[in-house]
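Overview (structure and organization)
Each chain is listed here by its residues.
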Amino acid sequence: MIKILAIDDHLDNLISLRAIIEDTFPDSTIFTAQDGQHGLELIIAHDPDVILLDVVMPGMDGFEVCRRIKEDVRISDIPVIFLTALGSDKRSRLKALEIGADAFLSKPIDEAELTAQIKAMLIVKHHHQKQKYEKEYLTALVTERTEELLKELKERTQAEELLLQSNELNNSLLQTIPFGMDILDENGNIIFISENFKKLIGEYSINRKCWEVICDKKERCTNCPLEKPIKIGETNIIEVDGILGGRSFQISHTGMMFKGRKAILEMFQDITEMKRSREELVLAKEQAVESNKLKTAFLNNMSHEIRTPMNHIIGFASLMQEAAPADKDLYAEIILKSSNQLLSLIEDVIQLSRLQSEKIRIDKREFLPAELVNQVIKYYSNGNVKNSNLLISSIPENFKNVTIVTDLEKLNVILMNLVSNAVKFTFQGTIETGFKVDDDKVTFFVKDSGTGILTKEQDRIFDTFYRGENALTLVIGGAGLGLSIVREYIKALRGSIEVESTPGKGSIFTFSIPVQFANNSGSLASTAVIGQEVRKLSILIADDEEINYLLLEILLKDVITKIDHASNGKMAHEMAHQQKYDLIFMDLRMPEVNGYESTKALKRDFPETPVIALSAFTSQEEMELARLAGCDDFIAKPVKKQVLFDAISKFGYKNN
Ligand code: ADP
């Protein structure tokens, strides 16, 4: 259906136009307006296919109406046919064309001409419309395509960004990946090597067979997964020893595409470390189980070692009061022996813990090692330690007068422990000890014909608290500390020790220590000579414990006539001002004024009077403090008679 608008100020013109149009285009709709303004409103409201426009109208004339139509993009493509009586006016026609008029019809209207013009205009309108739709369609298409392109561009930029990032990631992975990585073709040729791996196998490995580069034997691994094709994405893991110089690797092979070809990604994880820590874990577990067993054995053993002498001491001390005088000596001897046994156990434990935590001080002096060996032999032969062995000192004649310079005390402890073991673990046999001298060292040996040591135990006997099977099954006393102390002392003397042993036949312990040699022979401990002149000495004992004093008084009363007692440091200092003493024994821990302070005061007022510290605290630190306070010597409690006498004979005559 076509819509036609006719604008003319003359109603009769409009009526005749309507009649013509209805006649020619029966299915058309006709709108009419008698002025330009109304006409424009109808155009906007009905969008007519053709406008028939009168030129001369009151108010807004046809030119103005046409100008407004052509300026408005919504309606500008509607064809406008001017109806004018000015058909011959050339200027008006030109003006109308400039404004945008599409055709002219002269009044009076010729019906055939009007119909032809309307038809022509309908075609024009149709083309305009078509063009408009095409333009709109094209614009929409261009917009849509532009949006798509922009989207594509954005996506491409993002993809490029991601690619860049992923390339950077790949590169940095390949540079820094902490394990070896390469890529093989299907025949096992290396076609790519990661940076890290390059350092290990060299970049000239490219194009060589992987096993020629990596396997020590340069042969394919027995379980080489390349024998069968590996699917893409499939991974096969093998563990191979003898890689890159005797190492073990876990190698994973994964099927992949590389540069458009099927390939295998090979990754190497060094398990030289993992295997070891696995083994170490197993070992640690075994050791934990073993140490638990040892702990139980140790506790049982210690309990036995402590209870046995305690049993003797308590048992015989309780019998003492009612004992017949003839038995008393025997009981006292048993009590003394058991006490010494207990004391030596305590000393060993303390000694060892000190050796392991403190720096060992070496006190060197000159002495004859032959004399030391003989004293040790004498100690174990003369009934001090019960045994049915023959003890022999074996020293070549030319070494008997050799004098060496080293720590006598420590050497003595080492030899005493080794001979003590030899005696303990030999029931009826021979024990031989001696030494030989080389350029700058002395090598001692202690040989026995006893139980011997099982081969598997020989590495462990120097461990603290370790006791061999023989010691436990044959119930041979001991706390498993002797050889640990020996080892620590030998270490401190920069020496070394070895053991050779045949189970059932005997053992030989050999140790060497570097020494200096001297020309003068220094004698060992000068055994105290307690003679008449000693009796004349006057001695002061400062100790707050009455029983400690009593013990010293009993030990000394037969040989020394003048023994005084001070029960603290202050008193000792006051007494020294009233009377001259030849020797003062000073307990260190006392109330009011302690032994250190008292010694300082005494040394300030009587620098020549020897002061000997007595203390149950026997650490190096304690000894050092006593020395700094001015003490001339240090005696550890419980006091041994011989040590006491030695001190008296060494210091008592200083001022006489
Ligand atoms: P203990 O003698 O108190 O057991 P040690 O540390 O001195 O402790 O010795 C550790 C272990 O070494 C002993 O328990 C024993 O099994 C073994 N051993 C040491 N010396 C000998 C020896 N001469 N003959 C046989 N076994 C010995």
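The numbers attached to residues start from 1 for each chain and follow its sequence in the written order. Only residues with pLDDT of at least 70 get local features here, since the model is predicted, and only at 80 or more are side-chain atom pairs given and counted; chain-wide, interface and lining totals rely on the full set of residues. Side-chain metrics rest on all non-hydrogen atoms present in the structure, leaving aside hydrogens and water.

1. Describing the overall build of the chain
- Each helix and strand counted, the chain has 19 helices and 23 strands in total.
- Against the globule reference of 26 Å for 656 residues, the chain gives a C-alpha radius of gyration of 61 Å, more extended than a compact globule.
- Based on the C-alpha atoms only, the size of the chain along its principal axes is roughly 180 × 75 × 55 Å.
- For each residue, the accessible area found with a 1.4 Å probe, counting protein chains only, is set against the maximum for its type, and the residue is called buried under 20%, exposed over 50%, and partly exposed in between. Split into buried and exposed, the 656 residues of the chain put 41% on the buried side. Think of it this way: any DSSP run of H or I at least four residues long counts as a helix, any run of E at least two long counts as a strand, and we number them from the N terminus. Restricting the calculation to C-alpha atoms gives the radius of gyration, and the globule rule supplies 2.2 Å times the number of residues raised to the power 0.38.

2. Quick notes on the pattern of salt bridges
- Any Lys or Arg side-chain nitrogen found within 4 Å of a carboxyl oxygen on Asp or Glu counts as a salt bridge. One pass over the structure, following the stated rule, counts 35 salt bridges.
- Close ionic contact of K70 with D102 constitutes a salt bridge, the shortest N to O distance being 3.2 Å. Remark: D102 occurs in the loop between α4 (90–99) and β5 (103–106) and K70 occurs in helix α3 (residues 62–71); sequence separation between them is 32 residues.
- A network of salt bridges, in which partner residues are shared, links E64, R67, R68 and E71.

3. Considerations on the site of the ligand
- Taken together, 21 residues lie near the ligand, and N421, K424, D448, R467 and L483 sit nearest.
- Contact distances for the ligand include 3.0 Å between an oxygen atom and a backbone N or O atom of A479.
- The separation between an oxygen atom of the ligand and a polar main-chain atom of G480 is 2.9 Å.
- Areas reported as accessible are Shrake-Rupley estimates using a 1.4 Å probe. Residue values count occlusion only from the protein chains shown. In isolation the ligand has 530 Å² of accessible area, and contact with the protein removes 98% of it.
- Those elements that provide at least two residues to the shell around the ligand are α11 (408–424), α13 (482–492) and β17 (506–514).
- Top element by residues in the shell around the ligand is α11. It accounts for 3 residues.
- The residue inventory of the shell around the ligand, partitioned by class, reads 10 nonpolar, 8 polar and 3 charged. We call a residue near a given molecule or strand whenever any one of its heavy atoms falls within 4 Å of it. Contacts described as polar in this section are N or O atom pairs within 3.5 Å, which, within protein, must combine one atom able to donate a hydrogen with one able to accept it, while residues neighboring in sequence count only if both atoms come from side chains. For this classification, the nonpolar set comprises Ala, Val, Leu, Ile, Met, Phe, Trp, Tyr, Cys and Pro, the charged set comprises Asp, Glu, Lys and Arg, and every other residue, Gly included, is treated as polar.

4. Quick word on helix α16 (residues 569–578)
- Taken together, the buried positions of α16 are occupied by G569, A572, H573, M575 and A576. For α16, the buried positions fall inside an angular range of 165 degrees around the axis, keeping them on one side.
- Two residues qualify as a contact provided that any one of their heavy atoms is within 4.5 Å of a heavy atom in the partner residue. Those residues of α16 that are buried are in contact with β19 (538–542), β20 (562–566), β21 (583–587) and α17 (595–605).
- The opening residue of α16, the one whose side-chain oxygen lies 3.0 Å from the backbone nitrogen of K570, is N568. Directions drawn from the helix axis to the C-beta atoms are what define this arc.

5. Digging into the sheet that holds strand β2 (residues 29–33)
- Two strands form a pair only when DSSP identifies at least two bridges running between them. Ordered by their spatial adjacency, 5 strands build an open sheet running β2-β1-β3-β4-β5, and the pairing between neighbours is parallel. Each edge of the open sheet carries a strand with a single partner, namely β2 and β5. Across the sheet, the mean angle separating the axes of adjacent strands is 20 degrees when strand polarity is ignored.
- Of the strand pairs in this sheet, strand β3 (residues 50–54) and strand β4 (residues 80–84) are connected by 4 bridges, and their pairing is parallel. Counted as the bridge partner of L53 is F82 from β4.
- Helix-sheet contacts for α4 involve β4 and β5, and the interaxial angle to β5 is about 145 degrees. For helices, the fitted axis covers only the stretch in contact; all axes are lines through C-alpha atoms, and the angles between them, taken along N-to-C directions, range from 0 to 180 degrees.

6. Considering the packing of aromatic side chains
- The aromatic pairing rule takes the rings of Phe, Tyr and Trp, using the six-membered ring of Trp, and pairs them if the centres are within 6.5 Å, calling planes under 30 degrees apart stacked, those over 60 edge-to-face and the rest tilted. In total, this model carries 11 aromatic pairs according to the counting rule given.
- Where F63 meets F82, the ring centres are 5.7 Å apart and the plane angle is 45 degrees; that geometry is what we call tilted. Placement of the pair is F63 in helix α3 and F82 in strand β4, with a sequence separation of 19 residues.
- Among the residues examined, F82 registers a relative accessible area of 0% and is labelled buried.
- Summarising the aromatic geometry, the rings of F444 and F511 are spaced 5.2 Å apart at their centres and angled 15 degrees between planes, so their arrangement reads as stacked. Taken together, the residues span a long stretch of sequence, with F444 in strand β15 (residues 441–448) and F511 in strand β17 at a distance of 67 residues. This pair shows no difference in class: F444 is buried, exactly as F511 is.
- Grouping aromatic residues by their ring pairs yields a cluster made of F399, F435, F444 and F511.
- Over the ring of Y489 we find K410, and its NZ or CZ is 5.5 Å from the ring centre.
- For a lysine, the NZ atom is tested; for an arginine, the CZ atom; a charge sits over a ring if that atom is within 6 Å of the ring centre and within 35 degrees of the ring normal. Stacked on the ring of F617, the Lys or Arg R589 has its end atom at 3.9 Å from the ring centre.

7. Some details on the pairing of β21
- With respect to burial, β21 is a largely interior element, 5 of its 5 residues being buried.
- In this structure, β19 lies alongside β21, joined through 4 bridges in parallel fashion. Pairing of A542 across the sheet is with M586, part of β21.
- By the bridge criterion, 4 bridges tie β21 to strand β22 (residues 611–615) in an arrangement that is parallel. In the sheet register, I584 faces β22, and the bridge partner there is V611.
- Seen with the strands pointing away from the viewer, any crossover whose path from the first strand over the helix to the second strand runs clockwise is right-handed. Handedness of the crossover is the feature at issue here: the chain leaves β21, passes through α17, returns alongside β22, and the resulting connection is right-handed.

8. A short note on the environment of A492
- Locating A492 in the fold gives a position in helix α13.
- Taking relative accessible area as the criterion, A492 reaches 25% and is therefore assigned partly exposed.
- Spatially, the C-alpha atoms of A492 and K386 are 31 Å apart, while their sequence positions differ by 106 residues.
- Ignoring sequence-local partners within four residues, the contact set of A492 consists of I360 and I362.

9. Regarding empty space enclosed by the protein
- Any residue with an atom within 4 Å of a point lines the site, the site being either a cavity, points on a 1 Å grid over the protein atoms alone where a 1.4 Å probe fits but cannot get out, or a pocket, an open set with protein on both sides within 12 Å along at least 5 of 7 lines. Grid points are joined across faces, edges and corners, and a volume is the space filled by probe spheres set on the points. The tally for this structure, following the rule as stated, stands at 2 cavities of 30 Å³ or more.
- Taken as a whole, the largest cavity encloses approximately 100 Å³ of empty space.
- Contributing to the lining of the largest cavity are 15 residues, with C210, C215, C221, H253 and E266 lying nearest its centre.
- Counting residues per element, the ones that place at least two in the lining of the largest cavity are α7 (210–214), β8 (235–243), β9 (247–258) and β10 (261–270).
- Top element by residues in the lining of the largest cavity is α7. It accounts for 3 residues.

10. Some points on the sheet that holds strand β18 (residues 516–518)
- On the basis of which strands lie adjacent, the open sheet formed by 3 strands has the order β11-β13-β18 and antiparallel pairing. Unpaired on one side and paired on the other, β11 (365–367) and β18 mark the two borders of the sheet. Averaged over all pairs of adjacent strands, the angle between their axes in this sheet comes to 35 degrees, without regard to strand direction.
- Sheet analysis places β11 next to strand β13 (residues 403–406), joined by 3 bridges and oriented antiparallel.

11. Some details on the layout of surface pockets
- Taken as a whole, the second largest pocket spans an internal volume of roughly 290 Å³.
- Looking at the second largest pocket, it is lined by 16 residues, and the ones nearest its centre are E290, L294, Y466, R467 and L472.
- With 6 residues, the top contributor of residues to the lining of the second largest pocket is helix α8 (residues 274–320).
- Across the lining of the second largest pocket, the residue classes break down as 7 nonpolar, 2 polar and 7 charged.

12. A short note on a negative patch on the surface
- Patch definition: residues above 30% relative accessible area lacking any salt bridge, with like charges linked at up to 9 Å and the nonpolar side chains Val, Leu, Ile, Met, Phe, Trp and Tyr linked at up to 5 Å. Asp and Glu count as negative and Lys and Arg as positive, but His and the ends of the chain are not part of the count. Charge positions come from single atoms, namely NZ of Lys, CZ of Arg, CG of Asp or CD of Glu. Negative charge collects at one region of the surface, where D23, D110, E111 and E113 lie side by side.
- For D110, the position within the fold is in the loop between β5 and α5 (111–176).

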